[in-house]
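Chain and residue survey
Single-letter residue listing:
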Amino acid sequence: MNVRKYLFILLLIVTLTAHAQQQAPLKIWMGTAERASNVTLTPYIPKGATANCPAVIVCPGGSYHWLDTRIEGEGVAKWLNSQGIAAFVLRYRVAGVWAFISHYRLFVRGRRQPDMLRDVQRSIQLVREGATTWSINPQAVGVMGFSAGGHLAVASATYASTNYLSPLGIVPKVSVRPDFVAALYPVVTLTDKRYVHRRSRKGILGEWGKCNKKLKDSLSLERHVPANCPPVFIVHCDDDPIVSPGNSRLLDSALTSRHIPHQYIRYTTGGHGFGASEVKGSAQSRRWREAFVSWLNNSALPLVRDTADRQNKKIEKL
């Protein structure tokens, strides 16, 4: 039985690799005033991609202190490619392991908000501007995130109206609002004591910021869902031992009250940190992949096309 299992996994890896065309990482801040040379965006373009190919910017998790780029980055990108979806893995700024150990940000700024938000906005800008180069649809660009990366993915939609690039003199000619968002076992609230993931809160806000009530509120996503929020896909497991599923319940409630199209899937088992793995999580939680593809093709993308059509008609009338 174990031999069959490993042969299946090996076959899956070969299949995913056959669909993926990984390109060299892009240093997204090169040529700008931002000093963040370690921030990269790695394109994974499916073979035979056409101009209608949707794209997903993938934000791995790691409590805003580190990044799980293997399970929640590269693995997810290759799986997306196998579904005919372009992927761009974002290695965004995080506090770092040393910040977790030493608390040095009590004395110096280090990496903290809005660095991460700036990274994801810049990534959306570059993916849209380079759509022709990568043969993708600039009107079908979404953000997918896991754990703390899920917080960043939803934040990219929640705060899209704020141009975090403007202090650098960057005025994008394209929208930095994602067309859809997928949040897997996401961190959502930074204020609700019942559910808050304290390590992620400290990672994004810093040692002093985590005590600032106004700052905590400003990045508690359930309190700031905009009326024009794009469609959202949420997955969380009831037995998640790391990030309370209460986070996703808060987000689901906020999206419902704002009448934002979304799908919230609760699995009984699966835990945390399974990404698109064939072995991590549970058989039940691994079904999120099929559910996402179905949601994307049958719900999110049709809504995106309808929105684009309405906008084009308004422009034509002008």
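Reading the values: rules and limits
- Residues numbered from 1 in each chain as written.
- Predicted model: local features only at pLDDT ≥ 70, side-chain atom pairs only at ≥ 80, totals over all residues.
- Heavy atoms only, no water.
- Helix = DSSP H or I, 4+ residues; strand = E, 2+ residues; numbered from the N terminus.
- Rg over C-alpha atoms; globule rule 2.2 N^0.38 Å.
- Buried < 20%, exposed > 50% of the residue type's maximum accessible area, 1.4 Å probe, protein only.
- Contact = heavy atoms within 4.5 Å.
- Lys, Arg positive; Asp, Glu negative; His and termini not counted.
- Charge placed at Lys NZ, Arg CZ, Asp CG, Glu CD.
- Expected span 1.5 Å × (residues − 1).
- Pairing = 2+ DSSP bridges.
- Right-handed = clockwise from strand over helix to strand, strands pointing away.
- Axes fitted to C-alpha atoms, helices over the stretch in contact; angles between N-to-C directions.

1. Here we look at the overall build of the protein
From N to C terminus, the protein includes ten helices and eight strands. Taken over C-alpha atoms, the radius of gyration comes to 19 Å for the protein, in line with the 20 Å a tight globule of 318 residues would show. If one aligns the C-alpha atoms of the protein with their principal axes, the spans along those axes are about 60 × 50 × 40 Å. Burial statistics for the protein: of 318 residues in total, 56% are counted as buried. Contacts in the protein between residues at least 24 apart in sequence constitute 76% of all its contacts with a sequence separation of at least 6. With 41 positive and 21 negative side-chain charges, the protein shows a separation of 4 Å between the mean positions of the two kinds.

2. So, helix α4 (residues 115–129)
Helix length check: α4, at 15 residues, gives a terminal C-alpha distance of 21 Å against a target of 21 Å (1.5 Å per residue), a fit within 8%. For α4, the buried fraction is high: 14 of the 15 residues fall into the buried class.

3. Some thoughts on the pairing of strand β5 (residues 141–146)
Among the six residues in β5, six count as buried, and that is most of the element. Burial of the side chains of β5 extends over both faces: Val141, Val143 and Gly145 are buried on one face and Gly142, Met144 and Phe146 on the other. Relative to β5, strand β3 (residues 55–59) runs parallel, the two being bridged by five bridges. Within the sheet, the bridge partner assigned to Ala55 lies in β5 and is Val141. Sheet topology note: the β5/strand β6 (residues 180–184) ladder contains five bridges and is parallel. Paired with Val143 across the strands is Val181, a residue of β6. With helix α6 (residues 148–158) bridging β5 and the parallel β6, this β-α-β connection has right-handed handedness.

4. As for the sheet that holds strand β2 (residues 40–44)
The pairing of strands in a sheet comes from backbone hydrogen bonds and takes either a parallel or an antiparallel form. With respect to topology, eight strands assemble into an open sheet ordered β1-β2-β4-β3-β5-β6-β7-β8, the strand pairing being mixed. Edge positions in the sheet fall to β1 (26–27) and β8 (262–267), since each of these pairs with one other strand and no more. Lying over the sheet, helix α2 (residues 70–82) contacts β2, β3, β4 (86–91) and β5, oriented at roughly 170° with respect to β4. Contacting β2, β3, β4 and β5, α4 runs over the sheet at an angle of about 155° to β3.

5. As for the environment of Lys47
Along the polypeptide, Lys47 turns up in the loop between β2 and β3. Residue Lys47 is classed as exposed on the basis of its relative accessible area, which comes to 52%. Put simply, Lys47 and Cys237 are 190 residues apart on the chain and 33 Å apart in space, counted from C-alpha to C-alpha.

6. A word on α6
With eleven of eleven residues buried, α6 is to be regarded as a mostly interior element. For α6, every residue scored as buried is listed here: Ala148, Gly149, Gly150, His151, Leu152, Ala153, Val154, Ala155, Ser156, Ala157 and Thr158. Among the structural elements, β3, α4, β5, β6, α7 (198–209) and α9 (246–257) are those in contact with the buried residues of α6.

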